[in-house]
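Structural features, examined
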Amino acid sequence: MMYDFIYACIFYMVPRKAVLGRAQSAASLYSILLSFIYLAIFFWVTSFWLQLRMNNKLLLGVIIVLFMGNFIFNRVYFLEFSKQRALLKKYEKWKKWKLKILAIFFLIFSFATFIASSIIVSMRVRGVL
């Protein structure tokens, strides 16, 4: 499953001596990166396809639900001990440097997607596009 594979890549990218622990840091980082992608998709849907005008409180509520829902789901799903062992056993055959490179590409992709979407949507709202 791609969801598990990307988490495993991020898990191997996080240093062993992370302050919160390697698994918790990886789950938090993965939640943040997925939230950036979900927010980019949300902005595209609301501005281009649905053309909704939202007030600030509703927008803040949607953003909080996206971030916290994703964060809680990832922590519950990935931080089970049996799930951690199964993922480590499943991807131990892969070379670690390949997993780390894929995690870095996912990190760059999620940030770039969010930033590019924000720029395009703000240009659309201002009437430039």
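The sections below set out a description of the structure shown in this document. All of these numbers come straight from a predicted model, not from anything done at the bench.

The rules behind the values
- For every chain, the first residue of its written sequence is number 1, and the numbers climb from 1 along that sequence.
- Totals for whole chains, interfaces and linings use all residues, but because this is a predicted model, local features are given only for residues with pLDDT of at least 70 and pairs of side-chain atoms are given and counted only at 80 or more.
- Only hydrogens and water are removed before side-chain values are computed, so all heavy atoms of the structure are retained for them.
- Put simply, DSSP marks the helices as runs of H or I at least four residues long and the strands as runs of E at least two long, and each gets a number from the N terminus on.
- When accessible area is computed with a 1.4 Å probe and restricted to protein chains, residues below 20% of their type maximum are described as buried, those above 50% as exposed, and intermediate ones as partly exposed.
- Note on definitions: a residue-residue contact is assigned when non-hydrogen atoms from the two residues lie within 4.5 Å.
- Working definition of accessibility: Shrake-Rupley area with a 1.4 Å probe, residue cover restricted to the visible protein chains.
- Any Lys or Arg side-chain nitrogen located within 4 Å of an Asp or Glu carboxyl oxygen qualifies as a salt bridge.
- Take the number of residues in a helix, subtract one, and multiply by 1.5 Å to get its expected span.
- Working convention: axes come from line fits to C-alpha atoms, limited for helices to the stretch in contact. Angles between N-to-C directions cover 0 to 180 degrees.
- The scheme is simple: roughly parallel for angles under 35 degrees, roughly antiparallel for over 145, roughly perpendicular for 65 to 115, oblique for anything else.
- In this classification, Asp, Glu, Lys and Arg are treated as charged, Ala, Val, Leu, Ile, Met, Phe, Trp, Tyr, Cys and Pro as nonpolar, and every other residue, Gly included, as polar.
- Paired rings are identified among Phe, Tyr and Trp, the last through its six-membered ring, by centres lying within 6.5 Å, and are further divided according to the angle between planes into stacked (under 30 degrees), edge-to-face (over 60) and tilted (the rest).

**Here's the deal with the overall build of the protein**
A count of helical and extended segments in the protein gives five helices and zero strands. The order of helices and strands in the protein, counted from the N terminus, is α-α-α-α-α. Expressed as lengths along the three principal axes of its C-alpha atoms, the size of the protein is roughly 50 × 25 × 25 Å. Within the span of the protein, comprising 129 residues, buried residues form 33% of the whole. Within the protein, residue pairs in contact and separated by at least 24 positions form 75% of the contacts whose partners lie at least 6 positions apart. About 8,500 Å² of surface is accessible on the protein, with carbon and sulfur atoms providing 72% of the total.

**Overview of the pattern of salt bridges**
Considering all chains together, one arrives at one salt bridge under this definition. The closest approach of N and O atoms between Lys83 and Asp4, which form a salt bridge, is 3.1 Å. Of this pair, Lys83 sits in helix α4 (residues 81–90) while Asp4 sits in helix α1 (residues 2–13), placing them 79 residues apart in sequence. Take Lys83 and Asp4: they sit in the same class, and that class is buried.

**Focus on helix α3 (residues 56–78)**
Between its terminal C-alpha atoms α3 stretches 33 Å, which fits the 33 Å expected from 23 residues at 1.5 Å a residue. Every buried residue of α3 is listed here: Asn70, Asn74 and Phe78. Against α1, α2 (22–49) and α4 lie the buried residues of α3.

**Brief notes about helix α5 (residues 96–126)**
Across its 31 residues, α5 extends 45 Å between first and last C-alpha, which sits within 8% of the 45 Å expected from 1.5 Å per residue. Those residues of α5 not exposed but buried are Leu99, Ala103, Phe106, Ser110, Ser117 and Val121. Summarising the contacts, the buried residues of α5 are in contact with α1 and α2. Looking one or two places after α5, you find Gly127, whose phi comes out positive at around 90 degrees.

**Notes on the environment of Lys89**
Tracing the chain through its elements places Lys89 in helix α4. Remark: the alpha-carbon pair of Lys89 and Ile6, spanning 83 residues in sequence, is separated by 15 Å.

**Quick notes on the packing of α1 against α4**
The geometry of α1 relative to α4 is characterised by a closest axis approach of 10 Å and an angle of 85 degrees between their N-to-C directions. As far as their axial angle goes, α4 and α1 are roughly perpendicular. In this structure, α1 uses Asp4, Tyr7, Phe11 and Tyr12 to contact α4, whose residues at the interface are Lys83, Gln84, Leu87 and Leu88. The residue inventory of the contact of α1 with α4, partitioned by class, reads five nonpolar, one polar and two charged.

**Some words on the packing of aromatic side chains**
Counted by the stated rule, this structure contains 19 aromatic pairs. Taking the centre distance of 5.6 Å and the plane angle of 80 degrees together, the rings of Phe11 and Tyr12 count as edge-to-face. As far as the burial class goes, Phe11 and Tyr12 line up, both buried. When the ring of Phe36 is compared with that of Phe111, the centres are 5.1 Å apart and the planes differ by 50 degrees; the resulting orientation is tilted.

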